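Spelled out from the first residue to the last, the chains are:
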Amino acid sequence: PSRPPPPLSSLFWATVLGQFVNLVLRVGELARIYAVEQSTPRIKARSAGTLVVEKTLDAFMIGLLAVVVTPFVVLPSYVAGYLPTLLAVTGVAAGALYLVAYRSEWVLAGFRRLARWLPGPIGERLTGLFSAGLLGLSALRSRRQTFVLLAVSGALALLGVLTPLVLFPALDLPYGLREAAVLHTALSIGMTPPSTPAKVGVFEWIAIWLLTRLFGLQSDALALSYALVFHLVVLLPQLVLGVVAALRFRWQDLVKRPVAASSEDIDV
């Protein structure tokens, strides 16, 4: 039987918690899934499916911005080296999502054939979880919902560009939309690989390199000031809201329940 979706407030705090955990550990997605589970039980597998859609759309928007801005600038080697990988992974993920959304019966049948090679209980459990995960991708079967998802992802990408753009006049820097788009794109790609907690140092290095080497800013001190303020503007809301989300989360549930999904997660 179908279950109602989690409340928007629960989804908001789960997302904030995931971002907060990702500042230190690269397991924010797991924290987010379990936070949603606390408001809507037996939904972990479906939450994982929606997470796949979200991450693929995020990567698609970053790749799209990179394709638009790359012909006009030379990105730092640390960032440019990951661009082909990002585009390749995004393309493969988009193709896989298409198969799952529009050929789900074929995909599920293939998974069942593979599961036959496993011991009976394990194969049945994995098949049930895989079927539940497919439900998290059901939004892609609707052209209208797919358009809404793309529109929202595009709006979020635009907001990401507007953040450095608004900070330029605040520090009296004579740059505009193109430079803001380059900053956002380079930082989004450069912060994807695992690095320091909260990307401290990496964020600043990329921003300073772009400002001084690419945009021609003569003052290293001003470039450092901009990088620090920009990072603080990005980081501070995640820290404040993340602490609130962490206080709301019932951590004892992680001890009471096994990390692996139970049979109650299966909803087929």
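Scroll up a little and you will see the structure.
Each chain has its residues counted from 1, running along the sequence as written. Thresholds applied to this predicted model are a pLDDT of at least 70 for local features of residues and 80 or more for the giving and counting of side-chain atom pairs; totals over whole chains, interfaces and linings are not thresholded and use all residues. With hydrogens and water excluded, all non-hydrogen atoms of the structure serve as input to the side-chain values.

Caption draft 1: Inspection of the overall build of the protein chain at higher detail. What the protein chain contains, in helices and strands, is 12 helices and zero strands. Sequence-ordered secondary structure for the protein chain, helices as α and strands as β, is α-α-α-α-α-α-α-α-α-α-α-α. Per-residue accessibility, obtained with a 1.4 Å probe over protein chains only, is compared with the maximum for each type, and a residue is labelled buried under 20%, exposed over 50%, and partly exposed between these values. Residues counted as buried form 40% of the 268 residues belonging to the protein chain. Expressed as a percentage of contacts within the protein chain between residues at least 6 apart in sequence, the contacts between residues at least 24 apart total 70%. Values of accessible area rely on a 1.4 Å probe in the Shrake-Rupley scheme; residue burial ignores everything except the protein chains shown. Accessible surface for the protein chain amounts to roughly 15,100 Å². Of this, 70% is attributable to carbon and sulfur atoms. To qualify as a helix, a DSSP run of H or I must reach at least 4 residues; to qualify as a strand, a run of E must reach at least 2; elements of each kind are numbered from the N terminus. The criterion used for residue contact is that any of the two residues' heavy atoms lie within 4.5 Å.

Caption draft 2: Broad picture of the pattern of salt bridges. Throughout this description, the term salt bridge denotes a Lys or Arg side-chain nitrogen within 4 Å of a carboxyl oxygen of Asp or Glu. One pass over the full model with this rule turns up two salt bridges. One salt bridge in this structure joins Arg32 and Glu54, with 2.4 Å as the shortest N-O distance. Taken together, the residues Arg32 in helix α2 (residues 28-39) and Glu54 in helix α3 (residues 44-69) connect sequence positions 22 residues apart. Arg32 gets classed as buried once you look at its relative accessible area, which sits at 18%. Classification of Glu54 as partly exposed rests on a relative accessible area of 25%.

Caption draft 3: Just the nonpolar core, in detail. In this structure, Leu183 and Tyr226 are the most contacted members of the largest nonpolar core, which totals 37 residues. At the level of secondary structure, the elements contributing two or more residues to this core comprise α3, α5 (83-102), α8 (143-170), α9 (177-190), α10 (202-214) and α11 (220-248). Element by element, the count of residues in this core is highest for α9, at seven residues. If we skip the residues at most four places from it in the chain, Tyr226 touches Pro164, Leu167, Phe168, Leu171, Leu173, Leu183 and Leu211. For our purposes a nonpolar core is just a set of buried Ala, Val, Leu, Ile, Met, Phe, Trp, Tyr and Cys residues, chained together by side-chain atoms within 4.5 Å. Core analysis: the next-biggest nonpolar cluster, separate from the first, contains 11 residues, Leu17, Ala31, Ala35 and Phe249 among them.

Caption draft 4: Focus on unusual backbone geometry. In the Ramachandran plot, Asp172 falls in the positive-phi region, its phi being about 60° despite a non-glycine side chain. Within the secondary structure, Asp172 is located in the loop between α8 and α9. The residue Lys199 is not glycine, and still its phi comes out positive at about 60°. Relative to the elements of secondary structure, Lys199 occurs in the loop between α9 and α10.

Caption draft 5: Spotlight on the packing of aromatic side chains. Within 6.5 Å between ring centres, the rings of Phe, Tyr and Trp (the latter by its six-membered ring) count as paired, and their orientation is classed by plane angle as stacked under 30 degrees, edge-to-face over 60, tilted in between. The final tally for this structure, using the stated rule, is six aromatic pairs. Residues Phe168 and Tyr175 carry aromatic rings whose centres are separated by 5.5 Å and whose planes lie at 75° to one another, so their mutual orientation is edge-to-face. Each member of the pair, Phe168 as well as Tyr175, carries the same accessibility label: buried. Consider the rings of Phe203 and Phe230, whose centres lie 5.2 Å apart with planes at 75°: the pair is edge-to-face. Residue Phe203 is found in helix α10, and its partner Phe230 is found in helix α11; the two are separated by 27 residues along the sequence. With relative accessibility at 2%, the residue Phe203 sits in the buried group.

Caption draft 6: Main features of the packing of helix α1 (residues 8-22) against α2. To obtain an axis, a line is fitted to C-alpha atoms, over the contacting stretch when the element is a helix, and the angle between two such axes runs from 0 to 180 degrees between their N-to-C directions. For the pair α1 and α2, the least separation of the axes is 7 Å and the interaxial angle reads 155°. Here α1 is positioned roughly antiparallel relative to α2, judged by the angle of their axes. Note on packing geometry: the crossing formed by α1 with α2 is right-handed. Two secondary-structure elements touch here, α1 through Ser10, Leu11, Ala14, Thr15, Leu17, Gly18, Val21 and Asn22 and α2 through Gly28, Glu29, Ala31, Arg32, Ala35, Val36 and Ser39. All amino acids are sorted into three groups, where Ala, Val, Leu, Ile, Met, Phe, Trp, Tyr, Cys and Pro are nonpolar, Asp, Glu, Lys and Arg are charged, and the leftover types, Gly among them, are polar. Of the residues in the contact of α1 with α2, the class split is seven nonpolar, six polar and two charged. When an angle is under 35 degrees it counts as roughly parallel; over 145 it counts as roughly antiparallel; between 65 and 115 it counts as roughly perpendicular; any other value is oblique. We call a crossing left-handed when the near helix sits turned anticlockwise from the far one by less than a right angle, and right-handed when that turn is clockwise.

Caption draft 7: Layout of the environment of Val68. Take Val68: it is sitting in helix α3. For Val68, a relative accessible area of 48% puts it in the partly exposed group. The spacing of Val68 and Ala181 is 113 residues in sequence and 9.2 Å in space, taken between C-alpha atoms.

Caption draft 8: Layout of a nonpolar patch on the surface. Each patch groups residues whose relative accessible area exceeds 30% and which form no salt bridge, using 9 Å between like charges and 5 Å between nonpolar side chains of Val, Leu, Ile, Met, Phe, Trp and Tyr. On the surface, Phe147, Val148, Val152, Leu156, Leu158, Leu159, Leu162 and Val166 cluster together to form a nonpolar patch covering roughly 760 Å² of accessible area. Taking the relative accessible area as the measure of exposure, Leu156 reaches 53% and is therefore exposed.

Without other data, these values stay purely geometric and don't point to any function.
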